[in-house]
Amino acid sequence: MKTWVYIDHFQGQELPASWEAVGVGKKFGLVTAIVFGSGVEPLAKKAFEYGADEVLLADDPALADFRPEAFASTLSSLVSSGTPDLILFPTTARGRDLAAMTAIDLNSGVIVDAVALDLEDGKVVATRPVFGGKLLAKMACSASPQIITLRGRAFPKPEHQPGRSGTLTKVPAKAEALTRVEGYAATEGGVSLTDAGIIVSGGRGVSNNPALTPPAGLDEKQAEIWRAQQGFKLIGELAAVLGGAMGASRAAVDAGYVPYAHQVGQTGKIVSPDLYIACGISGAIQHLAGMRSSKTIVAINKDAEAPIFQVARYGVVGDLFQIVPALTEAFKKRLGK
Ligand SMILES: Cc1cc2nc3c(=O)[nH]c(=O)nc-3n(C[C@H](O)[C@H](O)[C@H](O)COP(=O)(O)OP(=O)(O)OC[C@H]3O[C@@H](n4cnc5c(N)ncnc54)[C@H](O)[C@@H]3O)c2cc1C
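Every value quoted in this text rests on a predicted model; they were computed, and no experiment measured them.

## Description of the packing of helix α3 (residues 68-82) against helix α4 (residues 93-105)
At a minimum axis separation of 9 Å, α3 and α4 run at an interaxial angle of 50°. One way to sum up the angle between α3 and α4 is to call them oblique. Of the two elements, α3 crosses α4, and the hand of that crossing is right-handed. Listed contacts from α4 to Pro-68, Glu-69, Phe-71, Ala-72, Ser-73, Leu-75 and Ser-76 of α3 are Asp-97, Leu-98, Met-101, Thr-102 and Asp-105. Per-class residue counts for the contact of α3 with α4 are 6 nonpolar, 3 polar and 3 charged.

## Structural notes on the domain arrangement of the protein chain
Domains assigned within the protein chain are domain 1 (3-170) and domain 2 (198-335). Inter-centroid distance (C-alpha atoms) of domain 1 to domain 2 is 34 Å. Each partner contributes residues to the interface: domain 1 has 7 residues there, and domain 2 has 10 residues. On the domain 1 side of the interface with domain 2, the three residues burying the most area are Gly-132, Arg-151 and Arg-153, jointly 70% of the side's total. The closest approach of N and O atoms between Asp-274 and Arg-153, which form a salt bridge, is 3.0 Å. The interface formed by domain 1 and domain 2 contains 4 residue pairs in polar contact (both at pLDDT 80 or more).

## Here's the deal with the nonpolar core
In terms of nonpolar packing, the biggest core is built from 30 residues, with Val-55, Leu-88, Leu-117, Ile-148 and Leu-150 touching the most fellow members. Elements supplying a minimum of two residues to this core: α1 (17-26), β4 (31-37), α2 (41-49), β5 (54-59), β6 (86-90), β7 (110-114), β9 (123-130) and β11 (146-150). Those residues in contact with Ile-148, other than ones at most four positions away along the chain, are Leu-86, Ile-87, Leu-88, Phe-89, Ile-111, Ala-114, Leu-117, Val-124 and Ala-126. Within the second largest apolar cluster, 24 residues are counted, among which are Val-200, Leu-242, Ala-248 and Cys-279.

Rules of the game
- Residues numbered from 1 in each chain as written.
- Predicted model: local features only at pLDDT ≥ 70, side-chain atom pairs only at ≥ 80, totals over all residues.
- Heavy atoms only, no water.
- Axes fitted to C-alpha atoms, helices over the stretch in contact; angles between N-to-C directions.
- Helix = DSSP H or I, 4+ residues; strand = E, 2+ residues; numbered from the N terminus.
- Parallel < 35°, antiparallel > 145°, perpendicular 65-115°, else oblique.
- Left-handed = near helix turned anticlockwise from the far one by under 90°.
- Contact = heavy atoms within 4.5 Å.
- Nonpolar A, V, L, I, M, F, W, Y, C, P; charged D, E, K, R; others polar.
- Domains from an automatic or database assignment.
- Buried area = accessible area lost by both parts, 1.4 Å probe.
- Salt bridge = Lys/Arg side-chain N within 4 Å of Asp/Glu carboxyl O.
- Polar contact = N/O pair within 3.5 Å; in protein donor to acceptor, adjacent residues only side chain to side chain.
- Core = buried A, V, L, I, M, F, W, Y, C linked by side-chain atoms within 4.5 Å.
- Buried < 20%, exposed > 50% of the residue type's maximum accessible area, 1.4 Å probe, protein only.

Okay, structure coming up:
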């Protein structure tokens, strides 16, 4: 089987899920990595070191910015001569965009956010969560090439083999596009939840510390946000000690406690860390949709009936304002920080 893997990057900085996709492709035989951009030859070298056998490199100033039309035209024009059976993309915003546009150009379909791939009768069968992660569906695409995006951290990252190399083929860019990138602005919060191995998340409960007295002059809403921000400092400290990222429920984001970049769930980020600690989060279905594939879930909630405990491996029934700082101190000691 001929497998191509699109290496997603932002200005030359790859997303680790790209290497996970290379590792998955190796299960089916030789892997060709697709590297598009400007000044991205170092990425091609890295692709070999993570297991690619061949790299198709379109290195052109016209591809400096990701524009799906240009990238999809470049990719689809290569498919006609390279005839891959399977094209894999990491499930990132760019990966999804490009997979969909490429599928349209190639008259194929896309299976999004697969968490397992198997070979059955010569066809790749993808397993993906449906109904907010409550069920796993198996599906294959009857068109060729099959186009599948893979959930980040759902597959192991292949071993890095420094010095490993392969066949580098330079290919032309097809850069015509109606869109032009005017510039970039960093999102508030600047967190990379999808790559994090550990996430400590806070919910509405993080604002619920009556022991704190807000500064004078704040109205009720401002006092709530002030309390929540003190609470999220505790969440952030625990995340920092564990070398993880800070997440949040939508209720916390909508209430203005933390920026949207932290939101986990159906309308936020879908995450699969090794460890997810949910603090003061009830476990609504839309939140679970974003984190139930975490390898180990710990829930801290003062309501023993909270639905989050149904998906948690470890549950602590109690006040997060006592438990979270105690955990931070214990981890500091244990980790020598
Ligand atoms: C279309 C749609 C999309 C949505 N998308 C998302 C999404 O992407 N992500 C998401 O999270 N939600 C999403 N939601 C919202 C979701 O339905 C819930 O409203 C939200 O997840 C609730 O957030 P929460 O658990 O923080 O708040 P709550 O449900 O209010 O829970 C707060 C919890 O904190 C606990 N608590 C309170 N004080 C303490 C304390 N001192 N110590 C310990 N525990 C305490 C309480 O017992 C309670 O369980 C979506 C909803 C809709 C309709």
